[in-house]
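Architecture at a glance
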Amino acid sequence: MPLTHTKDLFAKALKGKYALGAFNVNNMELLQAIIEACEEEKAPVMLQISKGARQYANPVYLKKLIEAAVSLSNIPIAVHLDHGDSFELCKECIDEGFTSVMIDGSHLPFDKNVEICRRVVEYAHKHNCVVEGELGELVGAQFDEGEEGGGYSAGGHYTHPEEAVKFVKMTGVDSLAVAIGNSHGAYKFKGEQHLDLERLKNIKKALMDAGMGDYPLVLHGASSVPKELAQEINKYGGKLGEDTAGVPEADIEVARRVGCTKVNIDTDLRLAFTAGVRKVLSENPKEFDPRKYLTAARAKVKELVRHKIKDVLCCAGHAFD
Ligand code: G3H
Ligand code: 13P
Ligand code: ZN
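Thresholds applied
Residues numbered from 1 in each chain as written. Chains lettered and ligands numbered in written order. Predicted model: local features only at pLDDT ≥ 70, side-chain atom pairs only at ≥ 80, totals over all residues. Heavy atoms only, no water. Helix = DSSP H or I, 4+ residues; strand = E, 2+ residues; numbered from the N terminus. Buried < 20%, exposed > 50% of the residue type's maximum accessible area, 1.4 Å probe, protein only. Near = heavy atom within 4 Å. Polar contact = N/O pair within 3.5 Å; in protein donor to acceptor, adjacent residues only side chain to side chain. Areas by Shrake-Rupley, 256 points an atom, 1.4 Å probe, with all protein chains shown as cover. Nonpolar A, V, L, I, M, F, W, Y, C, P; charged D, E, K, R; others polar. Pairing = 2+ DSSP bridges. Axes fitted to C-alpha atoms, helices over the stretch in contact; angles between N-to-C directions. Parallel < 35°, antiparallel > 145°, perpendicular 65-115°, else oblique. Left-handed = near helix turned anticlockwise from the far one by under 90°. Contact = heavy atoms within 4.5 Å. Donors = N, O, S within 2.8 Å, 3.2 Å for Na, K, Ca; no water. Phe/Tyr/Trp six-rings, centres within 6.5 Å; stacked < 30°, edge-to-face > 60°. Lys NZ or Arg CZ within 6 Å of the ring centre and 35° of its normal. Expected span 1.5 Å × (residues − 1). Right-handed = clockwise from strand over helix to strand, strands pointing away.

Considering the environment of Lys 235
Relative to the helices and strands, Lys 235 is located in helix α9 (residues 227–235). On the basis of relative accessible area, Lys 235 is assigned to the exposed category, the value being 61%. Between the C-alpha atoms of Lys 235 and Val 79, which are 156 residues apart in sequence, the distance is 35 Å.

Now the structure itself:
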């Protein structure tokens, strides 16, 4: 079975009102865990490759691993470049057959962000590839104190609905990553904080009102950073801070219902993987067979992915719609 195109996955997800899990892949065990969970739960999936993953594993190894996953499973699988930081990197991935790429110009001034997105869109669309842009800057909500829910992306960090419309029209990007208080990593918030879901609703509505239809939005930084995983890592010798914090899963569920079609999760996979490795090595200090601790890591990641696709993203059961 070949790769499934990102645009087909988006169309079905929008119709079925579920979100696609976009899980980061860096090695074989992560990939196997994701695919096995999605296969057993009959879920479509987006595999994301970052620039760092390409540097770590080598693009050819990753490509061949994904080819193996595609040939051994029967679920729809799309492959996406996560946080592409240049036209050249996006072009490389498009030429390699990725079904979508992200060009992340979110740190650039609006006009420069538009410019680089347009350049990538022009090349990508000629080669049947979908492009994700990002407007607004992902920073933890902790940095936005005093901004009453965050500033506009022109002068602050959050995505502004009218700017989002302008950005999509000017660039032609096929999906948009938004900044609504989300951030990457395991230390997202100080204390309990929430995404600005009202803003998300307004962005979706503004795009709809501007004639963009049910436009796919993307949520980065969607790890929930489960306390039990952080505790398990620390129990077996880790030293994560007390202040790990992620997005409450209830917020992700609302984001899905409001219209986030692609939900990016990486940190939670890393935590699960690390917890699995640490437990085996700590309980069996004489162990030195990587298969032993990597088997545990893979099982832990699989359990986590299964939970996300079933209970949070609701894409389980939709592989063959
Ligand atoms: O958003 C970033 C992803 O978690 C990928 O991280 O660049 O360390 O591979 P990375
Ligand atoms: P997390 O760090 O919350 O997993 O976010 C991952 C992500 O956004 C990848 O692009
Ligand atoms: Zn991201």
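Moving on, there is more to tell.
What to know about the site of ligand 1
Residues in close proximity to ligand 1 include Asn 24, Ser 50, Asp 82, His 83, His 184, Asp 266 and Arg 270, which together make up its full environment. Residue Ser 50 places a side-chain N or O atom 2.6 Å away from an oxygen atom belonging to ligand 1. At 3.0 Å, a side-chain N or O of His 184 approaches an oxygen atom of ligand 1. Contact with the protein chains removes 67% of the 300 Å² of surface that ligand 1 exposes when unbound. Residue classes in the shell around ligand 1 are distributed as no nonpolar, four polar and three charged.

Observations concerning the sheet that holds strand β5 (residues 130–135)
An order of β1-β2-β3-β4-β5-β6-β7-β8 is seen for the eight strands of this closed barrel, with the pairing classed as parallel. When the angles between neighbouring strand axes are averaged without regard to direction, this sheet yields 25°. Pairing geometry for β5 and strand β6 (residues 175–178), over four bridges, is parallel. Counterpart to Glu 132 in the pairing with β6 is Ser 175.

Some points on the packing of helix α2 (residues 28–41) against helix α12 (residues 290–312)
It is at 8 Å that the axes of α2 and α12 come closest, and there the two elements cross at 40°. Overall, the two elements α2 and α12 adopt an arrangement that is oblique. Two packed elements cross with a definite hand, and for α2 against α12 that hand is right-handed. Where α2 approaches α12, its residues Glu 29, Leu 30, Gln 32, Ala 33, Ile 34, Glu 36, Ala 37, Cys 38, Glu 40 and Glu 41 are matched on the opposing element by Leu 294, Arg 298, Val 301, Lys 302, Val 305, Arg 306, Ile 309 and Lys 310. A breakdown of the residues in the contact of α2 with α12 according to their chemical character gives nine nonpolar, one polar and eight charged.

With respect to the coordination of the zinc ion (ligand 3)
All of the protein donors around the zinc ion (ligand 3) are His 83 (NE2), His 184 (NE2) and His 220 (ND1); their distances to the metal are 2.0 to 2.1 Å. Here the donor residues for the zinc ion (ligand 3) map to a single chain with the spacing H-x100-H-x35-H. Taken as a pair, His 83 in strand β3 (residues 77–84) and His 184 in the loop between β6 and α8 (197–212) lie far apart in primary sequence, 101 residues in all.

A look at the packing of aromatic side chains
Applying the stated rule across the entire model yields two aromatic pairs. Between Phe 87 and Tyr 123 the ring centres are 5.9 Å apart and the planes differ by 80°, which places this aromatic pair in the edge-to-face class. Here Phe 87, found in helix α5 (residues 87–96), pairs with Tyr 123, found in helix α6 (residues 110–126); they are 36 residues apart in sequence, far enough to count as distant. For the pair Phe 110 and Phe 167, a centre-to-centre distance of 5.9 Å together with 65° between the ring planes defines the contact as edge-to-face. On the criterion of sequence distance, the pair formed by Phe 110 in helix α6 and Phe 167 in helix α7 (residues 161–171) is long-range, its members being 57 residues apart. A relative accessible area of 0% means that Phe 167 is categorised as buried. Taking the ring centre of Phe 87 as reference, the NZ or CZ of Arg 119 above it sits at 3.9 Å. Its guanidinium or amino end placed over the ring of Phe 110, Lys 166 lies 4.9 Å from that ring's centre, counting from NZ or CZ.

Some remarks on the site of ligand 2
Surrounding ligand 2, one finds 15 residues, the nearest of these being Asp 82, Lys 188, Ser 223, Asp 266 and Thr 267. Between an oxygen atom of ligand 2 and a main-chain N or O atom of Gly 185, the distance comes to 2.9 Å. Protein burial of ligand 2: of its 300 Å² of free accessible surface, 96% is covered by the chains. Of all the secondary-structure elements, those providing two or more residues to the shell around ligand 2 are β3 and β8 (260–265). Taken together, the residues of the shell around ligand 2 sort by class into two nonpolar, 10 polar and three charged.

What to know about α6
For α6, spanning 17 residues, the distance from its first C-alpha to its last is 24 Å, which sits close to the expected 24 Å at 1.5 Å a residue. Residues of α6 that are buried: Phe 110, Asn 113, Val 114, Cys 117, Val 120, Val 121, Tyr 123 and Ala 124. Tucked inside the fold, the buried residues of α6 contact α5, β4 (100–103), β5 and α7. Phi turns positive one or two residues past the end of α6, at Asn 128, with a value near 60°.

Description of the pairing of β6
Burial of the side chains of β6 extends over both faces: Ser 175 and Ala 177 are buried on one face and Leu 176 and Val 178 on the other. For the handedness criterion, the β-α-β arrangement of β6, α8 and strand β7 (residues 217–219) is classed as right-handed.

Let's talk about the side chain of Lys 262
Inspection of the secondary structure assignment puts Lys 262 in strand β8. In this structure Lys 262 comes out as buried when scored by relative accessible area, which is 0%. Within the structure, Lys 262 has its side chain in polar contact with the side chain of Glu 132 (distance 2.8 Å). A distance of 3.0 Å separates a polar atom in the side chain of Lys 262 from a polar atom in the side chain of Asn 264. Setting aside residues no more than four positions away along its own chain, Lys 262 makes contact with Phe 10, Leu 20, Ala 22, Met 46, Gln 48, His 80, Glu 132, Leu 217, Val 218 and Leu 219.

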